[in-house]
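Residue-level structure breakdown
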Amino acid sequence: MPRRTPLAFLVAALLLTGACAATSSPSARPQPAPASPAGSATAGPSADGDAMSGIDVVFLSTMVGHSERTLQIVRLARDRVRDDALRTLAAAIEATEADELFVMRGWLPTAGPGASAAAHHHDGHGDDTALDRLRTAPDPDVDRVLREVLADHQRSAADLARAQVGVGRNERVRDLARRIEQSRTAEVELLRGTP
């Protein structure tokens, strides 16, 4: 299989963004933005004078949809998980992505007039089959299915974030992408390494 370039990942993200039906997910409750180098939702990524490009907007809007789906996945399995370590990891993922989602949703309106067309929320990149697998998994299989579904999902977030670091223009968005790539890669390793 040929190796995809970072630009190819972002073009694919743009196509996915355009193909998804716009939906609004009430699953993530607003929370204070975390104190981090990425800044706050009110400051916006262009507060430092580094305007967002279309690639930055596509990345943020795609990651909003991706994080919405992550929250669906962990919340769907939350009451059925048996393994304490997996439950703790899922809770940490939920908290992290809820915070990131709040920040990204706050940044998108600051991206300028062209952002509203690209910055719609979409429902998880068409991976309804993965949600169905988790939803219908027998109780003894829930932990295994959650690990598989979540590892695949988080690996795609790491890939998208890695591509953004290579081609994004706004430094705060690129910093967020770096942190997403690192955290999702670590999560995949933990999920794959859990017996």
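Below is a short write-up of the structure. In this text, all values refer to a predicted model and were calculated from it rather than measured experimentally. (Residues numbered from 1 in each chain as written. Predicted model: local features only at pLDDT ≥ 70, side-chain atom pairs only at ≥ 80, totals over all residues. Heavy atoms only, no water.)

Now for the packing of helix H3 (residues 84–107) against helix H6 (residues 142–167). Two numbers describe how H3 lies on H6: the axes approach to 12 Å, and their chain directions differ by 35°. Both H3 and H6 take part in a crossing whose hand is left-handed. Every residue of H6 that contacts H3 at Leu86, Ile93 and Glu97 is listed here: Asp143, Leu146, Arg147, Leu150 and Gln154. A breakdown of the residues in the contact of H3 with H6 according to their chemical character gives four nonpolar, one polar and three charged. (Axes fitted to C-alpha atoms, helices over the stretch in contact; angles between N-to-C directions. Helix = DSSP H or I, 4+ residues; strand = E, 2+ residues; numbered from the N terminus. Left-handed = near helix turned anticlockwise from the far one by under 90°. Contact = heavy atoms within 4.5 Å. Nonpolar A, V, L, I, M, F, W, Y, C, P; charged D, E, K, R; others polar.)

Along the chain, Glu94 falls in helix H3. In terms of polar contacts, Glu94 uses its side chain to reach the side chain of Arg75, at 2.7 Å. Filtering out sequence-adjacent residues up to four positions away, Glu94 remains in contact with Leu71, Val74, Arg75 and Arg78. (Polar contact = N/O pair within 3.5 Å; in protein donor to acceptor, adjacent residues only side chain to side chain.)

To continue, consider the nonpolar core. With 20 residues, the main nonpolar core has Phe59, Leu60 and Met63 as its most contacted residues. If one sorts the elements of this core by residue count, helix H2 (residues 54–77) sits on top with six residues. Ignoring sequence-local partners within four residues, the contact set of Leu60 consists of Met52, Met104, Trp107, Leu108, Val173 and Leu176. (Core = buried A, V, L, I, M, F, W, Y, C linked by side-chain atoms within 4.5 Å. Buried < 20%, exposed > 50% of the residue type's maximum accessible area, 1.4 Å probe, protein only.)

Moving on, we come to the environment of Glu189. With respect to the secondary-structure elements, Glu189 resides in helix H7 (residues 171–193). Among the residues examined, Glu189 registers a relative accessible area of 56% and is labelled exposed. C-alpha separation for the pair Glu189 and Arg155, spaced 34 residues apart in sequence, amounts to 9.5 Å.

This part takes up the environment of His153. Structurally, the position occupied by His153 is in helix H6. Each C-alpha atom, one on His153 and one on Val188, is 8.9 Å from the other, the two residues being 35 residues apart in sequence.

Over its 24 residues, H2 runs 35 Å from end to end, which matches the ideal 34 Å to within 8%, given 1.5 Å per residue. Judged by how many residues are buried, H2 sits mostly within the fold: 20 of 24 residues are covered. (Expected span 1.5 Å × (residues − 1).)

The next thing to look at is the pattern of salt bridges. Throughout the structure, instances matching the rule amount to 19 salt bridges. A salt bridge links Arg184 to Glu100; its shortest N-O distance comes to 2.4 Å. Within this pair, whereas Arg184 is found in helix H7, its partner Glu100 is found in helix H3, the two being separated by 84 residues in sequence. No difference in accessibility class separates Arg184 from Glu100, as the two residues are buried. Asp152 serves as the salt-bridge partner of Arg192, at 2.8 Å between the closest nitrogen and oxygen. Residue Arg192 is found in helix H7, and its partner Asp152 is found in helix H6; the two are separated by 40 residues along the sequence. (Salt bridge = Lys/Arg side-chain N within 4 Å of Asp/Glu carboxyl O.)

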